[in-house]
Amino acid sequence: MKNATCHTLILAAAFLAALPAGAHANGYKILGMQSARAAGMGDAGAATADAPSAVALNPAGLPQLKGTQISVEATTCNSYTRHTAPSGHTTRMEENWQVVPAVFATADAGLKDAVFGLGFSVPNGLSSEWADDGFARYVATYSRLQVTDISPAVGLRLSDDLLIGVGLDLYASEARR
C-alpha cells in the first residue's frame, strides 16, 4: 500500500510538472535595461546584489553595498522591421535608434545595517514609424509607448545571515499614435 501511494504521488507530481505554464504578453519589455551584468547573465541578476541596480532586482541585497554608489546605464535599441504584403509590396519601418536609460543610486547614510536606494528606469516601451503609404497607414504610421519606473527601496541586515528588503515601483506611462 505504501509503495502504491508513493507511485501515485510521483505520477501526480509528473502530471503537474507537465502542465503548461501561464504565458503573459510582454512585447514591449526591454530586456537587460536595468543592468548590463544581469543582461549578460540572461536577466538573472536577482541572485547577485553587488551593484546599485539591486534597487530594482533585489532590494534585500542592498545591505551588502557600502557607502554611496551610483550606476548609470543605457541600452541602445534599433527597431527596424520590414513587411512584405501578399501582393509583393514591401514597406520598411523607419530606422529608429533609441537610447533607454537606467540610473540607480544607493547610500548607507552612515548606518551599519540599512541601505537606501532610488532607481529610475524605462522597463517598457519603444516607438515605431511606418511610411505613409505602408500597410499600417489606416491604423497608425507612428506609435510610441513609454513606461517610466521610479523605484525607492530600503534593505536591512537583521543578522549576518538574514537580509530583508522592500521596494516600491511607481509607474508613469505615455502612449502616442
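A quick note: this is a predicted structure, and the numbers were derived from the prediction, not measured. Position numbers for residues start from 1 in each chain and track the written sequence from start to end. The predicted nature of this model means local features are confined to residues of pLDDT at least 70 and side-chain atom pairs, given and counted, to a pLDDT of 80 or more, with totals for whole chains, interfaces and linings taken over all residues. Side-chain descriptors were evaluated using all non-hydrogen atoms of the structure, hydrogens and water having been removed beforehand.

Draft legend 1. Structural context of the side chain of S71. With respect to the helices and strands, the residue S71 is situated in strand β1 (residues 68-78). Only 3.2 Å separates the side chain of S71 from the side chain of E73, close enough to count as a polar contact. Pairs of residues are marked as contacts when any of their non-hydrogen atoms sit within 4.5 Å. Aside from chain neighbours lying at most four places away, what touches S71 is P52, A102, V103 and F104. Helix numbering and strand numbering both begin at the N terminus, where a helix is a DSSP run of H or I of at least 4 residues and a strand a DSSP run of E of at least 2. By the criterion applied in these results, polar contacts are pairs of N or O atoms within 3.5 Å in which, for protein atoms, one can donate a hydrogen and the other can accept it, and in which residues neighboring in sequence qualify only through two side-chain atoms.

Draft legend 2. Molecular detail of the pairing of strand β7 (residues 142-159). Strand pairing is assigned whenever DSSP identifies at least 2 bridges connecting the two strands. Here strand β5 (residues 114-124) pairs with β7 via nine bridges, running antiparallel. Within the sheet, the bridge partner assigned to G119 lies in β7 and is S151. Taken together, the three bridges between strand β6 (residues 127-129) and β7 define a ladder with antiparallel strand orientation. Within the sheet, the bridge partner assigned to S127 lies in β7 and is R144. By the bridge criterion, seven bridges tie β7 to strand β9 (residues 170-176) in an arrangement that is antiparallel. In the sheet register, T148 faces β9, and the bridge partner there is A172.

Draft legend 3. Molecular detail of unusual backbone geometry. A positive phi angle is found at A109, which is not glycine, with a value near 50°. Following the sequence through the fold, A109 ends up in the loop between β4 (97-107) and β5.

Draft legend 4. The pairing of β5, seen in detail. Only protein chains enter the area calculation, which uses a 1.4 Å probe; residues under 20% of their type maximum are buried, those over 50% are exposed, and those in between are partly exposed. Extensive coverage of β5 is indicated by the burial of eight of its 11 residues. Here six bridges tie β4 to β5, and the two strands are oriented antiparallel to one another. Directly across from A102, in β5, lies its bridge partner S121. With antiparallel pairing between neighbouring strands as the criterion, β4 and β5 make up a hairpin whose turn holds six residues, including A109 at a positive phi of roughly 50°.

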